[in-house]
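An overview of the molecular structure
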Amino acid sequence: MKKTLYSILIFSLGFLNLSTVYAQTGKLTGKVLDEKRNNLSYASVSLLKAKDSTVIKGSITEDNGVYLFSNLLDGEYLVAINMVGYAKVFKGPYAINTAHQVYTIANVELAPTSKQLNGVNIVSKKPLVERQVDKTVLNIENSVLAAGNTALEILQKAPGVAVDKDGNISLRGKQGVTVMIDGKPTYLSSEQLANLLRSTEGNAIQSIELITNPSAKYDAAGNSGIINIKLKKNSNYGTNGSVTAGGGYGRYYKANGGFSLNHREKKFNLFGEYNYNRSKRFHDLDIMRINNTATDQTYFNQTSTSIQPRQNHNYKAGIDYFIDDNNTIGAAVNGYVSTGNNDADVLTLIGSRPLETDSSVVAFNPNSYKYTGITYNLNYKGKIDTAGQEITADADYSRYLGSQNYGYNNNYLNADGNVYKAPYIFRNSTPTAVKIWAAKVDYTYPFSKKMKLDAGLKSSVVNTDNNSIFDNLIDNNWQSDVTRSNQFLYNENINAGYLNLNREFTGTTLQLGLRAEQTNSKGNSITEQKVVNRHYFNLFPTLFVNHVLSKDNEIGFSFSRRIDRPDYESLNPFINFVDLYTYGIGNPFLNPQYTNSFEITYSYKKTVNVTMGYSHTSDAITRVLLSDTLKKTLYITSENLAEKKSYNLNINSPIPIIKWWTTNNNLTVFYNQFSTPNLLGSPYKSGKLAFQANTNQTVSLNTTTNLELSAHYQSSLVEGTLFMKPQYGIDLGASKSFANKKFNVKLAANDVFNLEKWRVTSALPGQNYSVNEKQESRVFRLTCTYRFGSNTIKGASQRSKSSDAEANRVRSGG
């Protein structure tokens, strides 16, 4: 494997030497003055090809008004100079060749336009849902419905996305989504990922990208695709920022607040942000089940009500240093702290016949938790030449700490409500530590205007240490329960390399990719002395073809092979109690699952988009909810089912009703089929046709007032052994801007009709249970945001169009 990675590295770096065959000594320099002949700093200067006015690179003038373009290839160029409040000026053409390598352009004096803009931002508002060639983008930044919500709550509103009551995410009916933050995988278990997303305020999010069939440039993990959450990053010059405060109420209080600060100069950009959220919620759980044995039946009716206060702190800070027009380095740190309680009152009625109680268990189960996470990042981006050759590098270190403390106080009552035996009281503490190291390098080499090669290397190391400590209260003394306590260590190392070739023909775009990943993992249950070592190497090819049939019609085809490795939470053999008769347990013997995905796409006028997909997954990792008839308990775990076949049809279309009323509508119809030769001693096969529908409506009453409505519906479906009943809800919102759009007020109502609930029964014959859960979902929120400081983008207004990479560092998966 090392030889393979070394070969990829040598192959990638070899292209760097090809650049030396070009003459890159050409220079264009000059100075910009204002109407009073003073040096004009921060003016935007763009270099264009004289032949077709294509923008090659952008710059801004120094404090002395000087600008410089260097390392230019032979050719003819134009120079465009622009600044808000002044008329745009073009100079040239200038021919760079062997005879003439350097041009010093005469001083350019900009003339004020007749109508001054006085530093007012000119902003083109993006639609809430935007369909691009390879992904769907939710532009969260200005959405009314995002105000005061967390990242996890916002994902529930995304087209084709479903989030269950535990925070598990599915995309177009398929679970196994990889969630990235600013293009970086989180490497977290599903529980820790849910806590991270609950701690991420919607006010900090710029957009969310939904990628159903990623290229080889991305990690191969995620059989249903990738969700990339892009956080806000201000690129305005000068000092600017915002302050946000909000409050809400459902059954209990909600409060949030935060601020961001940014300072941008010619050579550097400093940024920081802090957000705080405090809330209190309720969670109701009802379980009715029948435990069947050969000799009798036992009826259980379990009800639980819990109150969940929590606090979240989320922060980010960093710096970008622009060495010159072609090289940028940066450093950033971000993290979160989440604390809370989850105190549950549980009543379990037990009888030998329906509606008859022979005995009961009354329990009070307090729970407290604290999660912290911090990530450090160093990054570099370099433009090697004006032809598009570039290299980027990232190095990350993350540390996550978690601690949960559970108490279980069980009292046994007879049919008359009297105590008939001693209480059973125990406690469980589960400290967790996760350390992650990751580094990657991406390189782009353009052979020509119509063909380029992307290549990259990546390595990541994840170390986790999980403990589960049980104590029993005996004679008023806590005594360690070594029979149930355990320590589980999990280490994983993934080394990867990829090649991605993109070629444009007349009317057709072709992309071929190949990713290689070597995985080394070790799961060690120290107490139980169970060790699972795995070492495997896989190749993941990708193919994308897009063909323009006519001006209004496009078709496409894509194929990718992907992998989902079991996370350490699923591998962890600990028992996690919900109550005395309900628990979850990990499976240390889970195997990775492999998925082959195919998609055919059609686009009409780039507005009506239709996608048909098929995927086949072997060793499908599936959550199963099962009864243990001997212990009379209900437990959830993960199993490898032999295969899963998924068929889906997605239709997405933004429909403008009238000029001031726009809609975006999404429909996904899917069929998931699970099968395995042996589950609980018998063959198992399940499947059901299902659909998801989303609509987002935006009404602009005027330039400062907007109304929004979001509605979603998910039909009943089968997921593994679970039969899930329909889920649906409607959200409403309104926003109003004041003070030249610097002050914004948003009023939102989540699940305004209080319809959200989670209901499930068994799709597995012989399992007789029904689970109903209701979390606090109807919440009314008021959020106020004030933006201050420099809003004039100055030279950056042109940069954002001609050279986004120099104003905003773009990080993608590698």
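Treat the numbers as computed from the prediction; the structure is a model and nothing was measured. (Residues numbered from 1 in each chain as written. Predicted model: local features only at pLDDT ≥ 70, side-chain atom pairs only at ≥ 80, totals over all residues. Heavy atoms only, no water.)

Remarks on the packing of aromatic side chains
Going by this rule: Within 6.5 Å between ring centres, the rings of Phe, Tyr and Trp (the latter by its six-membered ring) count as paired, and their orientation is classed by plane angle as stacked under 30 degrees, edge-to-face over 60, tilted in between. In our convention, an over-ring charge means Lys NZ or Arg CZ found within 6 Å of a ring centre and within 35 degrees of that ring's normal.
In the structure shown here, the tally under the stated rule is 27 aromatic pairs. Taken together, the ring pairs in this structure connect Tyr406, Tyr408, Tyr424, Phe426, Phe470, Phe577, Tyr583 and Tyr635 into an aromatic cluster. Geometry around Phe300 places Arg289 over its ring, the cationic atom sitting 4.1 Å from the centre. If you follow Arg427 out to its NZ or CZ, it ends over the ring of Trp478, 4.2 Å from the centre.

Side note on a nonpolar patch on the surface
Counted only if it meets this: Patches here are clusters of residues that have more than 30% relative accessible area and form no salt bridge, with a 9 Å joining cutoff for like charges and a 5 Å cutoff for nonpolar side chains (Val, Leu, Ile, Met, Phe, Trp, Tyr). Surface exposure here means Shrake-Rupley accessible area, sampled with a 1.4 Å probe, where a residue is shielded only by the protein chains that are shown. Any Lys or Arg side-chain nitrogen located within 4 Å of an Asp or Glu carboxyl oxygen qualifies as a salt bridge. Each helix is a run of DSSP H or I of at least 4 residues and each strand a run of E of at least 2, with the numbering of both proceeding from the N terminus. For each residue, the accessible area found with a 1.4 Å probe, counting protein chains only, is set against the maximum for its type, and the residue is called buried under 20%, exposed over 50%, and partly exposed in between.
A cluster of nonpolar side chains, contributed by Phe557, Phe598, Ile600, Met612, Leu649, Ile651, Leu667, Phe691 and Tyr713, occupies part of the molecular surface with about 710 Å² of accessible area. Secondary structure elements with two or more residues in the nonpolar patch: strand E37 (593-604) and strand E39 (633-658). Note that Ile651 resides in strand E39. Ile651 gets classed as partly exposed once you look at its relative accessible area, which sits at 33%.

Quick look at the sheet that holds strand E13 (residues 174-175)
Test applied: Strand pairing is assigned whenever DSSP identifies at least 2 bridges connecting the two strands.
Pairing within the open sheet is antiparallel, and its 3 strands lie in the order E11-E12-E13. Edge positions in the open sheet fall to strand E11 (161-163) and E13, since each of these has one partner strand only. Here strand E12 (residues 169-171) runs beside E13; their pairing, made up of 2 bridges, is antiparallel. Among the inter-strand pairings, Leu171 is bridged to a residue of E13, identified as Lys174.

Some words on unusual backbone geometry
Along the chain, Gly92 connects to Pro93 via a cis peptide bond; the corresponding omega equals 5°. On the secondary structure map, Pro93 appears in strand E6 (residues 89-96). The phi dihedral of Asp475 is positive, around 55°, even though this residue is not glycine. Residue Asp475 is classed as exposed on the basis of its relative accessible area of 67%.

Some points on the sheet that holds strand E3 (residues 55-60)
The test is simple: Axes here mean lines fitted to C-alpha atoms, for a helix over just the part in contact, with angles spanning 0 to 180 degrees between N-to-C directions.
Overall, antiparallel pairing links the 4 strands, which are arranged E3-E2-E5-E6 in an open sheet. At either margin of the open sheet sits one strand with a lone partner, and together these are E3 and E6. Strand-to-strand twist across the sheet, computed as the mean angle between neighbouring axes with direction ignored, equals 20°. As defined by bridge partners, strand E2 (residues 44-49) adjoins E3 across 5 bridges and the pair is classed as antiparallel. Directly across from Ser46, in E3, lies its bridge partner Gly58.

Here we look at the environment of Thr761
Short version of the rule: Note on contacts: a residue pair is in contact if any heavy atoms of the two residues lie within 4.5 Å.
In this fold, Thr761 is placed in strand E47 (residues 758-762). Sequence separation between Thr761 and Lys725 is 36 residues, and the spatial gap between their C-alpha atoms is 8.1 Å. Residues within four places of Thr761 in sequence aside, it is in contact with Thr721, Leu722, Phe723, Lys725, Tyr769 and Ser770.

Re the pairing of strand E21 (residues 297-322)
Where strand E20 (residues 268-292) and E21 come together, 25 bridges link them in antiparallel fashion. Looking across to E21, one finds that Lys280 is bridged to Pro309. Linking E20 to E21, which pair antiparallel, is a turn of 4 residues. In this sheet, strand E23 (residues 343-351) lies alongside E21 in antiparallel orientation, the contact comprising 9 bridges. Residue Ser304 lies in a different strand from E23, and its bridge partner there is Val346.

Some remarks on the pattern of salt bridges
This model, assessed by the stated rule, comprises 15 salt bridges. In this structure, Arg484 and Asp481 form a salt bridge, with 3.1 Å as the shortest nitrogen-oxygen distance. Using a relative accessible area of 23% as the deciding quantity, one classes Arg484 as partly exposed. Among the ionic pairs, Arg515 bridges to Glu517, the shortest N-O distance being 2.8 Å. Several salt bridges converge on common partners, so that one network encompasses Asp219, Lys458, Arg515, Glu517 and Arg565.

As for the pairing of strand E28 (residues 432-448)
Bridge analysis of strand E26 (residues 390-414) against E28 gives 13 bridges, and the strand direction is antiparallel. Note that in E28 the partner of Ala393 across the bridge is Val441. Examined bridge by bridge, E28 and strand E29 (residues 451-474) share 16 bridges and lie antiparallel to one another. Along E29, the bridge assignment pairs Trp437 with Val461.

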